[in-house]
Amino acid sequence: MTVTARDKGLVACRECARVWPVGHAQCGVCGNALRSRDTQSLQKVWAWWIAGIIAYIPANLYPMLTTRTLFHTSEDTIIAGALDLAAHGSFGIAAIILIASVVIPLGKFFAIAYLALAVRQGARWPPGRQYVLYEVVEYIGRWSMIDVFVVAILCSLVQLNVAASITPGIAALTFALSVIFTMLSAQSLDPRLIWDRIETQDTKDPA
Ligand SMILES: [Zn+2]
């Protein structure tokens, strides 16, 4: 039998983790507003999630970099750029680009959607494992901007290539927006909602 803070008439501050009796409007330690559950959590999660997906599409369709040399202009999307690097033998950098700009963002979209659906409808994963997934998504959030560094690396690589001018394309902006929206989506998820499924989970699946 799992007991949540709410069952005990308690609410924890999400900023400093101090626990207060339900009914306190503000944390006495840090002044953060206290709410037992963020009732609009899922709406915010989906709103930012959709915004993140919308920004992610042009990030892959439009050029990340526009390179102009004396003789020609080339515009590379993220994936085309990575394949190009791989073709020139830079497998390591190509792999970093593909992981940072395709594997991680798509993984985050799936993970957040899974958690949001699990909170509403329940899921096969036990809440403990869902919470681990939530922690992973939150942890990855701060590393997602690695792609911005990748663009910087790309820039310097192209610069060595006697390029006349390099400009970041539309994709650089929309990719950054997509990362920010996805982080906001993950942060909007109230992880305490995960534990609220426990009782139904316990009765449904007595393992
Ligand atoms: Zn506090």
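Not measured: the values here are computed from a predicted model. Residue indices begin from 1 for each chain and proceed along its sequence in written order. Selection of residues for local features in this predicted model requires a pLDDT of at least 70, selection of side-chain atom pairs for listing and counting requires 80 or more, and totals for whole chains, interfaces and linings are taken over all residues. To obtain the side-chain values, all non-hydrogen atoms of the structure were used and water was disregarded.

### What about the coordination of the zinc ion?
Consideration 1: Counted as donors are N, O and S atoms no farther than 2.8 Å from the metal, or 3.2 Å for Na, K and Ca; water is not among the atoms, and sites may therefore look incomplete. Every protein donor of the zinc ion is accounted for by Cys13 (SG), Cys16 (SG), Cys27 (SG) and Cys30 (SG), and the metal-donor separations fall at 2.2 to 2.3 Å.
Consideration 2: Under this scheme a four-donor centre is tetrahedral when all angles range from 85 to 135 degrees, a four-donor centre is square planar and a six-donor centre octahedral when opposite donors are above 155 degrees with the rest from 65 to 115, and any other centre is irregular. Because the angles between the 4 donor atoms bound to the zinc ion fall within 101 to 117°, the donor set is best described as tetrahedral.
Consideration 3: In terms of primary sequence, the donors binding the zinc ion are separated according to C-x2-C-x10-C-x2-C. With a gap of 17 residues between them, cysteine 13 in the loop between β1 (10-12) and β2 (19-21) and cysteine 30 in the loop between β2 and α1 (41-61) connect regions that are remote in the sequence.
Consideration 4: Relative accessibility thresholds used throughout: buried, under 20% of the residue-type maximum; exposed, over 50%; partly exposed, between the two (1.4 Å probe, protein chains only). You can call cysteine 13 buried: its relative accessible area is 4%. Under the scheme used here, helices are H or I runs from DSSP no shorter than 4 residues and strands are E runs no shorter than 2 residues, and both carry numbers assigned from the N terminus.

### Quick look at the UniProt feature "transmembrane region" (unreviewed entry) in the chain
Consideration 1: What UniProt calls "transmembrane region" (unreviewed entry) maps, in this numbering, to residues 45-65, 85-118, 139-160 and 166-184.
Consideration 2: As annotated, residues 45-65 comprises 81% helix and 5% strand, and the C-alpha atoms at either end are separated by 31 Å. UniProt positions are given in the numbering used here, feature names are shortened, and annotations may be inferred rather than shown by experiment.

### Description of helix α6 (residues 170-188)
Consideration 1: For α6, built from 19 residues, the straight-helix expectation of 27 Å at 1.5 Å per residue is met to within 8% by its first-to-last C-alpha distance of 27 Å.
Consideration 2: Within the span of α6, buried status applies to Ala171, Thr174, Phe175, Ala176, Ser178, Val179, Thr182, Ser185, Ala186 and Ser188. Here the expected span of a helix is defined as 1.5 Å times the quantity of residues minus one.

### Looking at the packing of helix α3 (residues 91-121) against α6
Consideration 1: Every angle, taken between N-to-C directions, lies between 0 and 180 degrees, and every axis is a line fitted to C-alpha atoms, over only the stretch in contact when it is a helix. Where α3 meets α6, the closest approach of the two axes is 11 Å, and the angle between their N-to-C directions is 30°. Considered as vectors, α3 and α6 are oriented roughly parallel to each other. The chirality of how α3 crosses α6 is left-handed. Here α3 contributes Ala100, Ser101, Pro105, Lys108, Phe109 and Ile112 to the contact with α6, which in turn contributes Phe175, Ser178, Thr182, Met183, Ser185 and Ala186. By definition in this entry, angles of less than 35 degrees are roughly parallel, angles greater than 145 are roughly antiparallel, angles of 65 to 115 are roughly perpendicular, and the rest are oblique. By definition, turning the near helix anticlockwise from the far helix through less than a right angle yields a left-handed crossing, and turning it clockwise yields a right-handed one. The contact criterion used throughout is that any non-hydrogen atoms of two residues lie within 4.5 Å.

### Things to note about the pairing of strand β3 (residues 65-68)
Consideration 1: Of the strand pairs in this sheet, β3 and strand β4 (residues 73-76) are connected by 4 bridges, and their pairing is antiparallel. Each residue of the ladder has a partner; that of threonine 67, found in β4, is serine 74. Pairing between strands is defined by DSSP: at least two bridges between the two strands are required.

### Here's the deal with the packing of α3 against helix α4 (residues 127-141)
Consideration 1: Where α3 meets α4, the closest approach of the two axes is 10 Å, and the angle between their N-to-C directions is 140°. The hand of the α3/α4 crossing is left-handed. Touching Ile104, Lys108, Ala111, Ile112, Tyr114, Leu115 and Ala118 of α3 are Gln130, Leu133, Tyr134, Val137, Ile140 and Gly141, all from α4.
Consideration 2: When grouped by side-chain class, the residues that make up the contact of α3 with α4 number 10 nonpolar, 2 polar and 1 charged. As a working rule, the residues Ala, Val, Leu, Ile, Met, Phe, Trp, Tyr, Cys and Pro are called nonpolar, Asp, Glu, Lys and Arg charged, and the rest polar, with Gly in that last group.

### Notes on the pattern of salt bridges
Consideration 1: Salt bridge, as applied in this entry: a Lys or Arg side-chain nitrogen positioned within 4 Å of an Asp or Glu carboxyl oxygen. The full count for this structure, using the stated rule, is 3 salt bridges.
Consideration 2: With a closest N to O distance of 3.7 Å, arginine 35 and aspartate 38 form a salt bridge.
Consideration 3: Taking the relative accessible area as the measure of exposure, arginine 35 reaches 49% and is therefore partly exposed.
Consideration 4: One salt bridge in this structure joins lysine 44 and aspartate 38, with 3.1 Å as the shortest N-O distance.
Consideration 5: Within the structure, one salt-bridge network assembled from shared partners comprises Arg35, Asp38 and Lys44.

### Examining the nonpolar core
Consideration 1: What makes a nonpolar core is a set of buried Ala, Val, Leu, Ile, Met, Phe, Trp, Tyr and Cys residues whose side-chain atoms join them at distances within 4.5 Å. Ranked by internal contacts, the top residues of the largest apolar core, which has 29 residues, are Ile112, Leu115, Phe175 and Leu189.
Consideration 2: Sorting the residues of this core by element identifies α1, α2 (78-87), α3, α4, α6 and α7 (192-195) as the ones contributing at least two each.
Consideration 3: It is α3 that provides the largest number of residues to this core, a total of 10 residues.
Consideration 4: Among all residues touching isoleucine 112, those that are not within four sequence positions of it are Val45, Trp49, Val137, Thr182, Ser185 and Ala186.

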